[in-house]
Structures are given as structure tokens and as C-alpha cells.
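# Per-entry structural report
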Amino acid sequence: MPTVAPTPPAVVENPRTPHELAATVRAFAARRELWEPLVRFTRPERWYQRLAVGADHEVWLLTWLPGQGTEIHDHGGASGAFGVVRGELTERTFALPAVDAPRPPRLRSLTPPAVRAFGPRHVHQVTNPGPEPAVSIHAYAPALATMSYYTETDEGALQLERTDGVDD
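Bear in mind that the values here come from a model prediction, so they are computed numbers and not experimental data. (Residues numbered from 1 in each chain as written. Predicted model: local features only at pLDDT ≥ 70, side-chain atom pairs only at ≥ 80, totals over all residues. Heavy atoms only, no water.)

### Description of the pattern of salt bridges
Under the convention used in this document: Basic side-chain nitrogens of Lys or Arg form a salt bridge, by our definition, when they fall within 4 Å of a carboxyl oxygen of Asp or Glu. Helical segments are the DSSP runs of H or I of at least four residues, strand segments are the runs of E of at least two, and each set is numbered from the N terminus. For every residue, the accessible area (1.4 Å probe, protein chains only) is compared with the maximum for its type, and the residue is labelled buried under 20%, exposed over 50%, or partly exposed between those bounds.
The final tally for this structure, using the stated rule, is nine salt bridges. Taking the shortest distance from any N to any O, the salt bridge between E36 and R86 comes out at 3.3 Å. With E36 in the loop between helix 2 (32-35) and strand 1 (47-53) and R86 in strand 4 (residues 79-86), the pair connects residues that are 50 residues apart, well separated along the chain. On the basis of relative accessible area, E36 is assigned to the partly exposed category, the value being 32%. R86 sits in the partly exposed class, given a relative accessible area of 29%. One continuous salt-bridge network, built from bridges that share partners, spans R32, E36 and R86.

Set out below in C-alpha cells:
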């Protein structure tokens, strides 16, 4: 009997709000047969794969070995949501440079089925602090075109380091 590829989950067509992106993440997370066979863990960099792309959004699968994480970054003006489907991730959120007054970063621990949604001005750093690998699903609208990366000063402010284009 021929193998039939699983159909994508029913999601909001062209999600635009953080709430709609969170619903998209939850729909993909519930369809383990879509993403679980794709899970890979790599060193030194995290592994990722695009799961879906629409007219103005995209969905990604990311894996995190213990100790792996991101730099402090934004999403180039895109709104987003991410959900932890395996393991634990920690998110540090920051005040946007040159807009908000510096403040200490806020820290959140996320475990399944946690989903975190955010708007276009969100700046954060995500890491796997635990002893076990972690897996997460991310949705962005519009699709990511650029991401900016920051360093944290001794005073708690963010300093722009660079802006990179996003590739598959």
C-alpha cells in the first residue's frame, strides 16, 4: 500500500495576530505525526526545519540539546508564537532598545504544552537549561525576512550587534 503524506493541521488561514499564531502552533503540536519523524539533534548549532509556509506566515520545528540556545534577538518586525513539545526551554525577554527604558530581563520556564505568543517588538533569548533535549514549534507572521541580534550592556540595556537575513 502506498504511503500517504500526512495532511497539515487545520489552522487559521494567513494568521496575523499573536493569538492566531499560538493557535497555529497548538494545531501543529497536536499533529505529532507531522513533526516527530523530522526531529534531529545536532552540535554545535541547533537543528531546524520549516514545516509550512503560507502567504504571510511560516511554521518551524527547532531542536535544542542541553545548553543550546539563541543569542538575544528580535524577529525583524514579525509577530510570533512558539510552543514547547518536548523538554524545557527558558526564555529571557528584554526591553526594546531605544524605545523602552532598560529593565532587568524577565525569565520564564516553558514546558509542554506551554505556548508563548508575542508581537512584532519582542526581543528575547531562548535556551535549553535542562539535562534533556527539547523540541519546539514556532510560527511567524509575516514570514521571517531578517533578525537583529543584540548584546546586553553592564547597565542592562541592549546594544544592536547586527541584522541578518533569514534563509531556509
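The discussion continues.
### Points about the pairing of strand 8 (residues 123-127)
This is how it is decided: DSSP bridges decide pairing: two strands pair if at least two such bridges lie between them.
Most of strand 8 is tucked away: four of the five residues are buried. Relative to strand 8, strand 5 (residues 89-94) is paired through five bridges, and the arrangement is antiparallel. From the neighbouring strand, E91 faces strand 8, where its bridge partner is V126.

### Quick word on the confidence of the model for the protein chain
Note the following rule: Along the chain, pLDDT gives the predictor's confidence residue by residue, from 0 to 100. By the convention used here, residues are in contact when the closest approach between their heavy atoms is within 4.5 Å.
Per-residue confidence for the protein chain gives a mean pLDDT of 88, with 87% of residues at or over 70. Confidence drops under pLDDT 50 across residues 1-6; counting only partners more than four residues distant or on other chains, this segment forms three contacts.

### Concerning the UniProt feature "binding site: Fe cation" (unreviewed entry) in the protein chain
Just so we agree on the cut-off: UniProt positions are given in the numbering used here, feature names are shortened, and annotations may be inferred rather than shown by experiment.
Per the UniProt entry, the sites bearing "binding site: Fe cation" (unreviewed entry) are H73, H75 and H124 in this numbering. A maximum C-alpha distance of 9.4 Å among these annotated residues, which run over 52 residues, shows that they cluster at one spot. One can find H73 in strand 3 (residues 72-73). Given the relative accessible area of 5%, H73 is considered buried. Not counting residues up to four positions away in its chain, the partners in contact with H73 are H122, V123, H124, M147, S148, Y149 and Y150. Within the secondary structure, H124 sits in strand 8. Once residues within four sequence positions are removed from consideration, H124 is found in contact with T70, E71, I72, H73, H75, F82, E91, R92, T93, F94 and F118.

### A closer look at unusual backbone geometry
That bond from P112 to P113 is cis: its omega, 5°, falls within 30 degrees of zero. If you trace the backbone, P113 turns up in the loop between strand 6 (106-110) and strand 7 (115-118). The residue after A141, namely P142, is reached through a cis peptide bond having omega -5°. Take P142: it is sitting in the loop between strand 9 (134-141) and strand 10 (146-152).

### What to know about the environment of A29
Along the chain, A29 turns up in helix 1 (residues 18-30). Sequence spacing of A29 and L61 is 32 residues, and the spatial spacing of their C-alpha atoms is 9.8 Å. With near-sequence residues (within four places) excluded, A29 lies in contact with W35, V85 and I137.

### A look at the side chain of S136
For the record, the criterion: Here a polar contact is taken to be a pair of N or O atoms separated by no more than 3.5 Å, where protein atoms must pair a possible hydrogen donor with a possible acceptor and residues adjacent in sequence count only if both atoms sit in side chains.
Secondary-structure assignment places S136 in strand 9. Here W64 takes part through its side chain, which lies 2.8 Å from a polar atom of the side chain of S136. At 2.7 Å, the side chain of S136 and the side chain of H138 are in polar contact. If we skip the residues at most four places from it in the chain, S136 touches W60, L61, L62, W64, G83, V84, V85 and L89.

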